[in-house]
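# Observations on chain architecture
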Amino acid sequence: MPELPEVETVLRGLRGCVVNCRITAVEILHPAIIAGPCQRFREGIQGREIAGLERRGKALALRLRASDGDEAGYLLLRLGMTGQVVIANHDVALAPHTHVRLMLNGGPKEIRYRDVRRFGSLRYCTRQEMEQVFGALGPDALEMTEREFRGRLNGRKGAIKGWLLNQKYIAGLGNIYADEALFEARIHPSTPADRVSSAQTKKLFEAVRHVLQKAVALQGTSFRDYVDIDGRPGNYLPRLKAYQRDGEPCPRCGALIRRMIIGGRSSHFCPRCQRRPTRYKTLGGHSVP
DNA sequence: GCAAGCCTGACC
DNA sequence: GGTCAGGCTTGC
C-alpha cells in the first residue's frame, strides 16, 4: 500500500530519471483512471517538460513546463491502494492493468501507470488547483513540527487511530505506518485523541517520524503490490512489528498481537504494551474513574 | 468476504 | 464543524 515512504521512494526514482524529459505522447488505456475530462488531461501534459517533483503526504505532483520555459501546471498522481509508477521501454510488453503510458523524449523510455484496484487517479491541474489539493491536506508527516502535531491533535475526540489516518490533520500515514507508530509509542489505537497524555503525544510524534524515516531509508514496505519505478519491492516488511502480525508474539513482551476493527479499519496492536487508558469511559458526560 | 485510500453524504 | 458509514474495485 503506497503511504508516505512508498510515494517518497517513487518520487526519488522519478527525480533521477524523468526531470527535464518531455512528454511526447500520451496513451490512455483506461479512461476511468483519469480524474476530469481525458481531453483536458491530454492537452495539459502533452508536449510539456517535467520540471520537477513535489509531494505532500501520499500525493505526488510532477511540475510541468512549456517549451518557452513558462510554468504549465502539474500532473497530479494519487496511487490509491495498488497504484504503481514504473519506467519501461516502449517495446516491453505491458503488464496487466496498465492504464496510462507517457512516452518521454520520443521514446523508447516511458512512464507507465498500473493499478489493479483502480483506486488511484491521474489528473492535470493548474497551479491553483494543485495548491488547492495540497492545501486540503494537513502538513506532511515528515515536515510537521511537534507543535503543529500537538495543535492539530488538541481537542479531537475520535480514536487516535482515525486521527492518524485522517489526511487533513497529518498527511502521509496509512494503515501500516499508523499501526506501527502506535505500537512504537505504546498507545492503544482506540484511545480517544483527547485522552492521549502530553508525554504520550511526544512519544507518538517521535514514533511517527522514526517509523517513516526508517521506512523511507528502506524504500518502503511491499505488502502486496507496491514496487518502485524499477519494479523492485521495498525492504521494510521484515521490520513490521504489529501490522498483519495478529496471533504472533509481540516483539517487546511476547503477548499475542491482536487485531480489531477501529474506525472501520483493521488495527493491530499488543494488548499488553498498548493499554487502553482506564479512566476515559464517560457516563452523562462525566469522567468515571 | 475481505483489504485498502479517498470521496460523498447522513447525522448530530 | 466533526464523526462515521458506504461505495468504489478485484485478486486472494
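Since the model is a prediction, treat every value here as computed from it, not as a measurement.

Attention shifts here to the sheet that holds strand β1 (residues 23-28). Taken together, four strands build an open sheet; the order of strands is β1-β6-β7-β5 and the sheet is antiparallel. Edge positions in the sheet fall to β1 and β5 (83-89), since each has one partner strand and no second. Taking the axes of each pair of neighbouring strands and ignoring which way they run, one obtains an average angle of 20° across the sheet. Pairing between strand β6 (residues 98-104) and strand β7 (residues 109-115): five bridges, direction antiparallel. The partner of T98 across the bridge, within β7, is R114. On top of the sheet, helix α2 (residues 38-45) reaches β1 and β6; it is set at about 165° to β1, its chief contact.

Attention now moves to unusual backbone geometry. With a phi angle near 60°, R118 is a residue other than glycine that sits in the positive phi range. Here R118 lies in the loop between β7 and β8 (121-125). Overall, the relative accessible area of 42% leaves R118 in the partly exposed class.

This brings us to the protein's contact with DNA strand B. By nearness alone, 15 residues border DNA strand B, and M81, F119, N175, R259 and R265 come closest of all. Within the side chain of N175, one N or O atom sits 2.3 Å away from a phosphate oxygen of DNA strand B. Here a phosphate oxygen of DNA strand B sits 3.5 Å away from a polar atom, N or O, in the side chain of Y243. The residue makeup of the surface near DNA strand B, split by class, is four nonpolar, five polar and six charged.

Next up on the list: the side chain of N175. Of note, N175 is situated in helix α6 (residues 175-185). Of the residues examined, N175 reaches a relative accessible area of 16% and is grouped as buried. A distance of 2.7 Å separates polar atoms of two side chains, one belonging to N175 and the other to K161. In this structure N175 touches E3, K161, L165, Y243, R265 and S266, once residues within four positions along its chain are discounted.

Another point: the nonpolar core. Grouped together as the largest cluster of nonpolar side chains are 35 residues, with contacts concentrated most on I160, L204 and V208. Secondary structure elements with two or more residues in this core: α4 (146-153), α5 (160-165), α6 and α7 (198-217). The dominant element in this core, judged by the number of residues it contributes, is α7, at eight residues. Sequence-distant contacts of L204, that is, excluding residues within four places in its chain, are made with F149, I160, L164, A181, L182, A185 and I187. With 34 residues, the next largest nonpolar core counts V7, L14, I50 and L122 among its residues.

What follows concerns the packing of aromatic side chains. Following the criterion strictly, the structure yields four aromatic pairs and no others. Between F149 and F205, the aromatic rings sit 5.4 Å apart at their centres with planes inclined by 65°, giving edge-to-face as the arrangement. Of this pair, F149 sits in helix α4 while F205 sits in helix α7, placing them 56 residues apart in sequence. You'll find F149 and F205 in the same group, each marked buried.

Spatial strand order, β2-β3-β4-β8: four strands in an open sheet with antiparallel pairing. Strands at the two margins of the open sheet, each flanked by one partner only, are β2 (49-56) and β8. Neighbouring strand axes in the sheet, compared pairwise and without regard to direction, differ in orientation by 20° on average. The pairing of strand β3 (residues 59-65) with strand β4 (residues 71-78) spans six bridges and is classified as antiparallel. Bridge pairing in β4 places A59 opposite R78. The strands that helix α1 (residues 4-15) touches are β2 and β3; relative to β2, the one it contacts most, it runs at about 160°. Strands β3, β4 and β8 of the sheet are contacted by α2, whose axis makes an angle of about 65° with β8.

Definitions and cut-offs
- Residues numbered from 1 in each chain as written.
- Chains lettered and ligands numbered in written order.
- Predicted model: local features only at pLDDT ≥ 70, side-chain atom pairs only at ≥ 80, totals over all residues.
- Heavy atoms only, no water.
- Pairing = 2+ DSSP bridges.
- Helix = DSSP H or I, 4+ residues; strand = E, 2+ residues; numbered from the N terminus.
- Axes fitted to C-alpha atoms, helices over the stretch in contact; angles between N-to-C directions.
- Contact = heavy atoms within 4.5 Å.
- Buried < 20%, exposed > 50% of the residue type's maximum accessible area, 1.4 Å probe, protein only.
- Near = heavy atom within 4 Å.
- Polar contact = N/O pair within 3.5 Å; in protein donor to acceptor, adjacent residues only side chain to side chain.
- Nonpolar A, V, L, I, M, F, W, Y, C, P; charged D, E, K, R; others polar.
- Core = buried A, V, L, I, M, F, W, Y, C linked by side-chain atoms within 4.5 Å.
- Phe/Tyr/Trp six-rings, centres within 6.5 Å; stacked < 30°, edge-to-face > 60°.

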